[in-house]
Amino acid sequence: MGKSDNYWHTGQPGPAGPCSEIYYDRGPAYGVEGGPEADDNRYVEIWNLVFMQYQIDNVRSKVDFDIVADLPKKNIDTGLGMERLAMILQGVENMYETDQVRPVIDKAAELSGKEYTSAESDDDPHHTDDVRMRVVADHIRSALMLIADGVVPSNEGRGYVLRRLIRRAVRAMRLLGVEQACLPELLPASRDAMKGVYPVVETDFDRISRIAYAEEKAFLRTIASGTARLEEAVVASKAAGKPLSGEDAFTLHDTYGFPIDLTLEMAEEAGLKVDEAEFRSLMQEQRKRAQADAKAKKGGHADISAFQELLGEGETVFTGYTELDGESRVRGIIHGGQRVAHAATGDEIELVLSETPFYAEAGGQAADTGLITGDGFVVEVLDVQRPVKGLSVHKAIVREGEIPADALVRAAVDRERRHAAEQAHTATHIVHAALHQILGPEATQRGSFNKAGYLRFDFAWGEGLSTATRSEIEEVSNLAIRNNYAVETKVMALAEAKAMGAMALFGENYGSEVRVVEIDGAWSRELCGGTHVANTSLIGSLSLLGEQSVGSGNRRVEAFVGMDAFRHLAAERALVTELTEMLKVPSGQLADRIATTLAKLKATEKELERLRKEQLAAAAAQLVNTARDAAGVSVIAHDAGMVSGADDLRGLALDLRNRLGTAPATVAVAGVANDRPVILVATNEAARGAGVKAGAWCAWLPGSSAVAVAARTTSPRAAEPTPARWAPPWQPSSTPSNGANTAMTNPAAAGGYPQGVKLGVDVGTVRVGVAICDRDSILATPYKTLDRNAKKNSDVKLIARLVEELGAVQVFVGLPRTMKGEEHSSARMAGDYAELLVAELAGRNQDVPVNLVDERLSSVTAHRNLHEAGMSSRNHRKVVDQVAAAGILQHAIDMQKARGADVGSRVTAPSPSVDQGAGGVDASVPGTSGDTTRFSDNGRQQ
């Protein structure tokens, strides 16, 4: 068979030798005679013997190398394929059908309703399903054994291997048609098959199953949220004949938690490749942003070279473990990013001392604060960071006098704040130990933060903690505090610390010597550079606030400690006292009384809902008579006022639609539920056949909600809708069938201004509001709020697509001016945005005018009108931008009617031929006597 099959070596210089494979002939039913070269399905290798006898060198390939010597000690390396031998002995078709694997295949077949047929050929119609069941069985068994061995799902190392195994098994079951959680059925089947030879999978099954089930539950949520988005991206990519973009893959990862390997797998199933290079680039950009944010926090905006220069003069000596005040010398002052010789009163500076008792934020412990004083000056320390390793930088402000760069100072830490921070830090170690005691060693730290009176602790765990578990953690922690355990700190070699069992977290790089903090000896033993109380009783008490998820497989607990814990408990006691007095029951009966009151309230709400639905149903018969004809479609538009929710409107709309019969009909109803406008449109099949789109129709519904009412009054000159001239949102027959953006002019219209759909745009730094009007150009209505994306311009693309889909004839972008008529950065931003929109429309072959129009205080007015319309302030943010856009658009429409012509000035794409190389944005603003503002390519006013 030659060296390629009958010689073994590592691929590197070293031991090697010929090998002898032992094959089993399964008989003529499995193939032709002639050995493994003739048919490797019939002849199955079950054993391998390697005769290690040579030393090889100059390895050029698997078969090309030099034998340079005999091994001094020769041996035979034997390798038996246990599962292959089991397959032969048990007389089954393949390794997946042995007694330790087949039960899971059978359970998968039962859950999916599929038949397992042992198909081996790709041509067999059962082959695909059979392979999926084998994947399930193999991955479930592997996951069972990995968790039993102490592995937990994570995003790195062996934990990531486990996570992928579970996810692939769940995915395979979904492809078999099982969408609900399946591990509670599959994992016990694997356990029962394996427990005979691995008893631990049965004795430890509670822990194993808890971890596996939580991982499946989290993954099912990920699939539910991201699959629809992925399918949309796949359809769009196929239509464009392109691979799935890296941007789509990144959005799936960043927003929906879809891992890239799952995206690759699902895209491949759909016959698509993924632009992995772009995805990796976007991931790298995100990492750089995160690193920049962290660096900014550590070093502010100072040039890092200034810190490097100071570090070159020597490291900062930290004395804060043993003293909280002491004398020192200023080694450097940084102000405005530069080293300076002195700083005066009011200057915000970064100060470096030769020695300092101030603790720099590290290891989850917040920095110290305090005072640095000297001859004629007082400096308040607000924060301490280590922008470069070995250098403590005090972020401070000069409160009195002038401090020179080489001054002798006295540095004094705020003692009370430091003590409270030490209480919190020691309590963090206690909580970690309590979690280990109650949940097990896999509840390892993932992050922490502690400051005066408060701690938060993140740990690896796959599911929420029950109320009883939280109470137990709190009790164990407070018992440790009460027991007055000694807190000792030792400095030792890293190897010695690890041998003692000290926990080293996050894979951090430690020096040859480390600091170990022990609480009652081995009860808690961790590597830690922070400061701590001398014994646990100095903490006082700990009050657990709650627990929550902070990402897949990670949980967070928060707690108050010391006096903050006492104040928290005192506040809760006061609340209980207030409730007992209010409800006139003893505190022991408070929960029952509240439960009874809530049950009565729920019953009352149900009764009110029933009555409300009856009233809506009764009104339906009368509303049918209000139907009117609009371009051959029967239309009912109704304001239902205050409703309990969308279900009320849905029931009314469907009832009215059914009453209108089979002729083309559409029903639009609106209302306000929980301070939010709700609009619902129902069309029948005949109306949809006539081109009526429910989504487009929503935007033309005359002001029947709080938002629309506010929008109608946002512009001081806004006109009320004129029923006689109201027109439906679908395109009349006079519009060209090809959907071209031809202005629909009506000679009878006052002034002959352009008619048709128009868009208003309010540009903000974070969000963009969009409004649209009806085809008679009468009423502007809020439409949508978009998130700004200055890098990818996805919001600009959405607006351009909307213009294209609606056949819009004009777009008006608000040009914000001050009350004095001045233009600042916001006006430049609006001009740039208009240019981008023009360029995007041109790329879509849409010659649609984009005009800049004067707008002042549109957002302020929108906020005021939303408040007057009855919307709560907390909901303003969701709609205020689109309401402001409606005000801009309504103003433009009114000005067109008054002037009989366009308003503002049309924006053109930037062109090198424009004077001085400027971009072609000429904004002739109404009401300013034809004044012109010129914007350059970068948006600066000229």
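Residues numbered from 1 in each chain as written. Predicted model: local features only at pLDDT ≥ 70, side-chain atom pairs only at ≥ 80, totals over all residues. Heavy atoms only, no water.

1. Observations regarding the overall build of the protein chain
Part 1 of the reasoning: The secondary structure content of the protein chain amounts to 25 helices and 34 strands.
Part 2 of the reasoning: Here the contacts in the protein chain between residues at least 6 apart in sequence split such that 64% fall between residues at least 24 apart.
Part 3 of the reasoning: Within the structure as shown, the protein chain displays about 45,700 Å² of accessible surface, and the carbon and sulfur contribution to it stands at 50%. (Helix = DSSP H or I, 4+ residues; strand = E, 2+ residues; numbered from the N terminus. Contact = heavy atoms within 4.5 Å. Areas by Shrake-Rupley, 256 points an atom, 1.4 Å probe, with all protein chains shown as cover.)

2. Topic: the packing of aromatic side chains
Part 1 of the reasoning: Counted by the stated rule, this structure contains six aromatic pairs.
Part 2 of the reasoning: Centre to centre, the rings of Phe 318 and Tyr 321 are 5.0 Å apart; their planes meet at 85°, and the pair counts as edge-to-face.
Part 3 of the reasoning: Joined through ring pairs, the aromatic side chains of Phe 318, Tyr 321 and Tyr 359 make up one cluster.
Part 4 of the reasoning: Here Arg 26 stacks its cationic end above the ring of Tyr 30, 4.0 Å away from the centre of that ring. (Phe/Tyr/Trp six-rings, centres within 6.5 Å; stacked < 30°, edge-to-face > 60°. Lys NZ or Arg CZ within 6 Å of the ring centre and 35° of its normal.)

3. Digging into the packing of helix 5 (residues 157–175) against helix 10 (residues 260–269)
Part 1 of the reasoning: Orientation of helix 5 relative to helix 10, taken along the N-to-C sense of each, is 30°, at an axis distance of 11 Å. In terms of orientation, helix 5 and helix 10 fall into the roughly parallel class. Considering the relative orientation of helix 5 and helix 10, their crossing is right-handed. On helix 10, the residues touching Tyr 160, Arg 164, Arg 168, Arg 171 and Leu 175 of helix 5 are Asp 261, Leu 262, Glu 265, Met 266 and Glu 269. (Axes fitted to C-alpha atoms, helices over the stretch in contact; angles between N-to-C directions. Parallel < 35°, antiparallel > 145°, perpendicular 65-115°, else oblique. Left-handed = near helix turned anticlockwise from the far one by under 90°.)

4. Overview of the sheet that holds strand 22 (residues 554–561)
Part 1 of the reasoning: The sheet built from four strands is open, its strands ordered 16-17-22-21 with antiparallel pairing. A strand with exactly one partner marks an edge of an open sheet, and here the two such strands are strand 16 (445–451) and strand 21 (542–549). For this sheet, the mean angle separating the axes of adjacent strands, direction not counted, is 15°.
Part 2 of the reasoning: Where strand 17 (residues 454–460) and strand 22 come together, seven bridges link them in antiparallel fashion. Across the sheet, Asp 458 pairs through a bridge with Arg 556, a residue of strand 22. (Pairing = 2+ DSSP bridges.)

5. Structural notes on the sheet that holds strand 30 (residues 810–816)
Part 1 of the reasoning: Read across the open sheet, the six strands follow the order 29-28-27-30-31-32; overall the sheet is mixed. The sheet terminates laterally at strand 29 (780–787) and strand 32 (905–906), the two strands that pair on one side only.
Part 2 of the reasoning: Across two bridges, strand 31 (residues 850–855) lies against strand 32 in antiparallel orientation. When the sheet's bridge partners are listed, Asn 851 is paired in strand 32 with Arg 906.
Part 3 of the reasoning: Helix-sheet contacts for helix 22 (residues 794–806) involve strand 27 (758–763), strand 28 (767–773), strand 29 and strand 30, and the interaxial angle to strand 28 is about 10°.

6. Focus: the confidence of the model for the protein chain
Part 1 of the reasoning: Averaged over all residues, the pLDDT of the protein chain equals 81, while 85% of them reach at least 70.
Part 2 of the reasoning: When mean pLDDT is compared element by element in the protein chain, strand 10 (residues 355–356) scores highest at 96, while strand 33 (residues 921–924) scores lowest at 31.
Part 3 of the reasoning: Counting interchain partners and residues more than four positions distant, the pLDDT-below-50 stretch residues 699–727 has 90 contacts.
Part 4 of the reasoning: In the model, residues 731–751 has pLDDT below 50 throughout and makes 25 contacts with residues more than four positions away in sequence or in other chains. (pLDDT = per-residue confidence, 0-100.)

7. Some points on unusual backbone geometry
Part 1 of the reasoning: Even without being glycine, Asn 58 reaches a positive phi, approximately 50°.
Part 2 of the reasoning: For Asn 58, the position within the fold is in the loop between strand 3 (43–57) and strand 4 (66–80).
Part 3 of the reasoning: With a relative accessible area of 43%, Asn 58 lands in the partly exposed category.
Part 4 of the reasoning: Although it is not a glycine, Asn 845 sits at a positive phi angle of roughly 60°. (Buried < 20%, exposed > 50% of the residue type's maximum accessible area, 1.4 Å probe, protein only.)

8. Topic: the environment of Arg 141
Part 1 of the reasoning: Structurally, Arg 141 can be placed in helix 4 (residues 127–148).
Part 2 of the reasoning: Spatially, the C-alpha atoms of Arg 141 and Ala 189 are 9.4 Å apart, while their sequence positions differ by 48 residues.
Part 3 of the reasoning: Apart from the residues lying within four places of it in its own chain, the contact partners of Arg 141 are Glu 83, Gln 100, Val 101, Ser 190 and Met 194.

9. Focus: the side chain of Glu 265
Part 1 of the reasoning: If you trace the backbone, Glu 265 turns up in helix 10.
Part 2 of the reasoning: Each residue touching Glu 265, except ones within four places of it in the same chain, is listed here: Arg 168 and Arg 171.

10. Quick look at the pattern of salt bridges
Part 1 of the reasoning: A full pass over the atoms with the stated rule returns 43 salt bridges.
Part 2 of the reasoning: A salt bridge links Arg 410 to Asp 325, with the nearest nitrogen and oxygen atoms 2.7 Å apart. Of this pair, Arg 410 sits in strand 15 (residues 408–413) while Asp 325 sits in strand 6 (residues 325–335), placing them 85 residues apart in sequence.
Part 3 of the reasoning: With a closest N to O distance of 3.1 Å, Arg 659 and Asp 655 form a salt bridge. (Salt bridge = Lys/Arg side-chain N within 4 Å of Asp/Glu carboxyl O.)

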